[in-house]
Amino acid sequence: MTSLPLLLLLAVATHARPRAPLPEADALILKALAGPATGWTAVERVQVFLPGKKPKAMKVNVSGLPQGNMRLEVLGRKKVPVLTQVRVAREAEAPEKGLARLNRFYELTVSTGGVVAKRKTWKIELRLKTGVLRRALWVDRDSGLLMKRETYRDDGSLRRRERLVKLEMPATVDPGLFLNRVPESDVWAPDGFISIKRDEKSTTFSNGLEAYTVSWDGKNWRVTGDIAEDDAERALLSNGRAL
Amino acid sequence: MTMDENEKLAKEAMKSLFTPAPADLKASLKRMARAKSAKPSLWDGLLESLSGGAWAYGAGAAFAAAAVAVVLVKAVPERRETPVTVAPAQAPAPQALAELWSDDDGGDHD
């Protein structure tokens, strides 16, 4: 009788499907930065957690082309697009460059990420060299699409969560949506951020809740405010290019 | 009736059966064929109308090609750039940005 549970365990073990091996973090990041091989559309929910305040959220309609072009429509309270941003892949940095920047700031570790928007994901944790968890990314196992991203403060509290809630992939996306876009600032800014104040020595960007400033301190350009280290460097580099 | 008379009558009867062939047999056959033939074809009409000169054949061909081109252009739908509905020309004002956000329960769910 005592051998029955053992036999059952053995049977379960022999019939269990082997877990998929964890991919390499660098390969996964490159796949995510390159984007899916098909067109896709999604609704993204962005949540911001400010200390001592109620969480805030907004919805963004996102569509992407196979080449990596992305269009974001921030929806207002009446569900009408209020702010539209188009990211053109050929103007963006190469995936290898993005990966190199992440590796400069963070230690990358991969784990199973669970299901996001009905798709199996891998989770990548990005920790500063000091050990502080700064970001977590959930990447679709099949397509490499970034499904979810969380950003944390130094104390470990959640600062921001971006997550796809409705995804259609593959989807037919009209390339005309990516033409004749309105020129934005020369300086790169994270999704949803726009330049709200500019003078000779500084430019401030905001998404309505968070803000950061790129400024000249007499010797160097600096980035201060609500922005993660990797994004800050990217903004700084593009600022140098704009100069 | 004598044998000579019979022979004479038989020869006359034979003569009356066959009408003599016209002198301009070839020309009359051509006339008959032309009369029986249908209307001339459009192509022949076009060639004739263009006087039959070598340059006129070229002009006719050019005219026909132009006509075909016009028909084709009309038949193929016009290619138009997809209408673009990108972005308000002006970014929203800083105050308006704050209004994009609404209160949330902070949950991690769809």
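What counts, and at which threshold
Residues numbered from 1 in each chain as written. Chains lettered and ligands numbered in written order. Predicted model: local features only at pLDDT ≥ 70, side-chain atom pairs only at ≥ 80, totals over all residues. Heavy atoms only, no water. Helix = DSSP H or I, 4+ residues; strand = E, 2+ residues; numbered from the N terminus. Buried < 20%, exposed > 50% of the residue type's maximum accessible area, 1.4 Å probe, protein only. Areas by Shrake-Rupley, 256 points an atom, 1.4 Å probe, with all protein chains shown as cover. Salt bridge = Lys/Arg side-chain N within 4 Å of Asp/Glu carboxyl O. Patch = residues over 30% accessible without salt bridge, like charges linked within 9 Å, V, L, I, M, F, W, Y side chains within 5 Å. Axes fitted to C-alpha atoms, helices over the stretch in contact; angles between N-to-C directions. Parallel < 35°, antiparallel > 145°, perpendicular 65-115°, else oblique. Left-handed = near helix turned anticlockwise from the far one by under 90°. Contact = heavy atoms within 4.5 Å. Nonpolar A, V, L, I, M, F, W, Y, C, P; charged D, E, K, R; others polar. Pairing = 2+ DSSP bridges. Core = buried A, V, L, I, M, F, W, Y, C linked by side-chain atoms within 4.5 Å. Polar contact = N/O pair within 3.5 Å; in protein donor to acceptor, adjacent residues only side chain to side chain. Arc of directions from axis to C-beta.

Caption draft 1: Region of interest: the overall build of chain B. Within chain B one finds five helices and one strand. Of the regular secondary structure in chain B, the N- to C-terminal order runs α-α-α-α-α-β. For chain B, with 110 residues in total, the buried portion stands at 12%. Accessible surface, chain B: about 9600 Å² in total, of which carbon and sulfur atoms supply 64%.

Caption draft 2: Region of the structure containing the pattern of salt bridges. As enumerated under the stated definition, the model contains 26 salt bridges over all chains in all. A salt bridge links Glu 107 of chain A to Lys 129 of chain A, with the nearest nitrogen and oxygen atoms 3.8 Å apart. Taken together, the positions of Glu 107 of chain A in strand E5 (residues 106–116) and Lys 129 of chain A in the loop between strand E6 (119–128) and strand E7 (133–140) put the pair 22 residues apart, joining distant regions of the chain. Classification of Glu 107 of chain A as partly exposed rests on a relative accessible area of 45%. With its nearest N and O atoms 3.0 Å apart, the salt bridge here joins Arg 119 of chain A to Asp 140 of chain A. Here Arg 119 of chain A is found in strand E6, whereas its partner Asp 140 of chain A is found in strand E7, with 21 residues between them in sequence. One salt-bridge network, in which partners are shared between bridges, spans Lys 148, Glu 150, Arg 161 and Arg 163 of chain A together with Asp 108 of chain B.

Caption draft 3: Highlighting a nonpolar patch on the surface. Taken together, Leu 25, Leu 29 and Met 32 of chain B make up a surface patch of nonpolar side chains, about 290 Å² in accessible area. Considering the arrangement of structural elements, one finds Met 32 of chain B in helix H2 (residues 25–36).

Caption draft 4: Representation of the packing of helix H2 (residues 25–34) of chain A against helix H3 (residues 95–105) of chain A in the model. Residue and element names in this part refer to chain A. Relative to each other, H2 and H3 sit at 130°, their axes nearing to 9 Å. Overall, the two elements H2 and H3 adopt an arrangement that is oblique. The two elements H2 and H3 cross, and the hand of that crossing is right-handed. Residues Asp 26, Ile 29, Leu 30, Leu 33 and Ala 34 of H2 touch H3, and the partners they reach there are Pro 95, Glu 96, Gly 98, Leu 99, Leu 102 and Asn 103. Partitioned by chemical class, the residues of the contact of H2 with H3 number seven nonpolar, two polar and two charged.

Caption draft 5: Fine view of unusual backbone geometry. All names here are of chain A. Of the consecutive residues Met 169 and Pro 170, the connecting peptide bond is found in the cis state with omega at 0°. As for its position among the elements, Pro 170 is in the loop between strand E9 (158–168) and strand E10 (194–198). Although it is not a glycine, Ala 117 sits at a positive phi angle of roughly 50°. Checked against the element boundaries, Ala 117 lands in the loop between E5 and E6.

Caption draft 6: Just the sheet that holds strand E13 (residues 221–225) of chain A, in detail. All names here are of chain A. With antiparallel pairing, four strands are arranged side by side in an open sheet as E10-E11-E12-E13. Since the sheet does not close on itself, it has two edges, and those belong to E10 and E13, each with one partner. Across the sheet, the mean angle from the axis of one strand to that of its neighbour is 25°, orientation sign disregarded. Where E10 meets strand E11 (residues 202–206), four bridges bridge the pair, whose relative direction is antiparallel. Bridging across to E11, Arg 198 finds its partner in Thr 203.

Caption draft 7: Inspection of the nonpolar core at higher detail. Residue and element names in this part refer to chain A. Trp 40, Met 58 and Val 60 are the most contacted members of the largest nonpolar core, which has 26 residues in total. When residues of this core are traced back to their parent elements, those giving at least two are strand E1 (40–48), strand E2 (56–64), strand E3 (70–75), E7, strand E8 (146–152) and E9. The dominant element in this core, judged by the number of residues it contributes, is E1, at four residues. Discounting chain neighbours no more than four positions away, the residues touching Val 60 are Ala 42, Val 43, Glu 44, Val 46, Leu 72, Glu 73 and Val 74. Counting 15 residues, the second largest nonpolar core, distinct from the first, contains Ala 25, Leu 108, Leu 128 and Val 139.

Caption draft 8: Spatial organisation of the pairing of E7 of chain A. All names here are of chain A. Summarising burial for E7: eight of the eight residues are buried, a large majority. As paired elements, E6 and E7 share seven bridges and run antiparallel to each other. Bridge assignment links Thr 121 to a residue of E7, and that residue is Asp 140. The turn linking E6 back onto E7 is made up of four residues, and Gly 131 within it adopts a positive phi angle of 100°. In terms of strand pairing, E7 meets E8 through five bridges, oriented antiparallel.

Caption draft 9: Spatial organisation of the side chain of Arg 161 of chain A. As for its position among the elements, Arg 161 of chain A is in strand E9. Among the polar contacts listed, one links the side chain of Arg 161 of chain A to the side chain of Glu 150 of chain A, at a separation of 2.7 Å. Apart from residues no more than four positions distant in its own chain, Arg 161 of chain A is found in contact with Arg 45, Val 46, Gln 47, Phe 49, Lys 148, Arg 149 and Glu 150 of chain A together with Gly 106, Gly 107 and Asp 108 of chain B.

Caption draft 10: Inspection of H2 of chain A at higher detail. Residues and elements named next belong to chain A. Burial in H2 covers these residues: Ala 25, Leu 28 and Ile 29. Projection of H2 onto a plane perpendicular to its axis shows the buried side chains occupying an angular sector of 100°, all on one side. Where H2 is buried, its residues meet H3, E5, E6 and E7. Backbone geometry just after H2 places Gly 35 at a positive phi near 85°.

These figures capture arrangement, not role.
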